[in-house]
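# Summary of the model geometry
For reference, the chains in residue letters:
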Amino acid sequence: MKDETKIDAVTVLTEQYRADLHAYKERESLHLKTENQLKGTKQIVLDMANTIRELKTQNDNFQAEISRLNEEIQLLEMQIKK
């Protein structure tokens, strides 16, 4: 009887250990998945920030070109009126 009780206790402990180990592995897997998602999201944000900087520079250059062309138009209009 005592041996059966010991075996039952060991079985219960073993099953609990397996359940705890499974739960730990699931948490670890979720952690790794979340960490990878965060790294991916961080890279996307960095790429977008770089693109925004590039677009801002291009926009500034275009605005400067528009201003230069508008001045040139004004000069040409003045020449036509003469």
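Quick caveat, the model's predicted, so the values are computed rather than measured.

Time to look at the overall build of the protein. Secondary structure assignment for the protein yields 1 helix and 0 strands. Taken over the C-alpha trace, the protein has a radius of gyration of 35 Å; the compact-globule value for 82 residues is 12 Å, which it surpasses by more than 25%. Along the longest, intermediate and shortest principal axes, the C-alpha atoms of the protein span 120 × 10 × 5 Å. For the protein, the residues scored as buried account for 0% of the 82 residues in total. Accessible surface, the protein as shown: approximately 8,100 Å² in total, 60% of it carbon and sulfur. When the 13 positive and 15 negative side-chain charges of the protein are each reduced to one mean point, those points stand 3 Å apart.

Another point: a nonpolar patch on the surface. Side chains of Tyr17, Leu21 and Tyr24 sit close together on the surface and give an oily, nonpolar patch of about 320 Å² of accessible area. The topology assignment puts Tyr24 in helix α1 (residues 2-81).

Another point: the pattern of salt bridges. Tallied over the full model, the rule gives 4 salt bridges. Put simply, Glu72 and Arg68 hold a salt bridge, and the shortest N to O gap is 2.9 Å. Of this pair, Glu72 and Arg68 are both found in helix α1, 4 residues apart, which corresponds to roughly one turn of the helix. Exposure remark for Arg68: the relative accessible area of 40% places this residue in the partly exposed category.

In this section: the environment of Arg27. The topology assignment puts Arg27 in helix α1. With relative accessibility at 55%, the residue Arg27 sits in the exposed group. Taking the C-alpha atoms as reference points, Arg27 and Val10, separated by 17 residues in sequence, lie 25 Å from one another.

Procedures and definitions
Residues numbered from 1 in each chain as written. Predicted model: local features only at pLDDT ≥ 70, side-chain atom pairs only at ≥ 80, totals over all residues. Heavy atoms only, no water. Helix = DSSP H or I, 4+ residues; strand = E, 2+ residues; numbered from the N terminus. Rg over C-alpha atoms; globule rule 2.2 N^0.38 Å. Buried < 20%, exposed > 50% of the residue type's maximum accessible area, 1.4 Å probe, protein only. Areas by Shrake-Rupley, 256 points an atom, 1.4 Å probe, with all protein chains shown as cover. Lys, Arg positive; Asp, Glu negative; His and termini not counted. Charge placed at Lys NZ, Arg CZ, Asp CG, Glu CD. Patch = residues over 30% accessible without salt bridge, like charges linked within 9 Å, V, L, I, M, F, W, Y side chains within 5 Å. Salt bridge = Lys/Arg side-chain N within 4 Å of Asp/Glu carboxyl O.

Nothing here speaks to function; it is all geometry.
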